Amino acid sequence: MEGDEKMEAEKREEDLQNLFIRLTHLYFKKAFALVKDTGIHPKQVPLIGLVYCREGISQKEISQALRISPPTVAVSIKRLEKAGIIERRADEKDQRLSRIFLTEKGRAVTGKVRECIKEKEKALFQGFSESEVCLLRRFFLQMIQNLEEDDKEKDIERHNKG
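Per an unreviewed UniProt entry, the protein chain is named MarR family transcriptional regulator, and its organism is Candidatus Blautia pullistercoris.

A. Structural detail: the side chain of S63. As for its position among the elements, S63 is in helix 4 (residues 59–66). The class for S63 is buried, based on a relative accessible area of 8%. In contact with S63, other than residues within four places in its own chain, are I68, S69, P70 and V73.

B. Expanded view of the nonpolar core. Ranked by size, the top nonpolar core spans 19 residues in total, and within it I40, I48, I62 and I85 carry the most contacts. Looking at this core, the elements that each hand over two or more residues are helix 3 (45–53), helix 5 (70–82), strand 3 (98–102) and helix 6 (104–124). Ranked by residue count, the leading element in this core is helix 3, at five residues. Residues in contact with I62, not counting those within four places in the same chain, are L47, L50, V51, I57, R67, V73, I77 and I100.

Cut-off values and rules
- Residues numbered from 1 in each chain as written.
- Predicted model: local features only at pLDDT ≥ 70, side-chain atom pairs only at ≥ 80, totals over all residues.
- Heavy atoms only, no water.
- Helix = DSSP H or I, 4+ residues; strand = E, 2+ residues; numbered from the N terminus.
- Buried < 20%, exposed > 50% of the residue type's maximum accessible area, 1.4 Å probe, protein only.
- Contact = heavy atoms within 4.5 Å.
- Core = buried A, V, L, I, M, F, W, Y, C linked by side-chain atoms within 4.5 Å.

Structure (structure tokens):
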């Protein structure tokens, strides 16, 4: 019986979900090690990347683009502002609205982070052909779409029950 239990445990370790969890955990662990000296958390990388690409973006636009809640965006912006990575400026046309910009320090950090990401992606996809990476990207996009549609269906069910 011990042999069967061991085989079952090994099989569970190879389940796609477990492999995916191991992969993301390892990736974020290594990514955190690379960016820890920059003063930002790896989960803030998408936010500063977005601000880098779209200087002057609003908090609401950040929330929508990254699909994270407005309070989460506000906390991240406050931390990044405190670290001197970003700054808020009042909108020229609507003073109630804040626009988000990278500081000089933020531009330097973003450059370093982008290099770290390129380095990590190169290691991550070592041994993969270009077509395999393209296919993997398509699979990821499909999985994201599947989960988003599942969330929408559950929201509709909750709405209909309430």
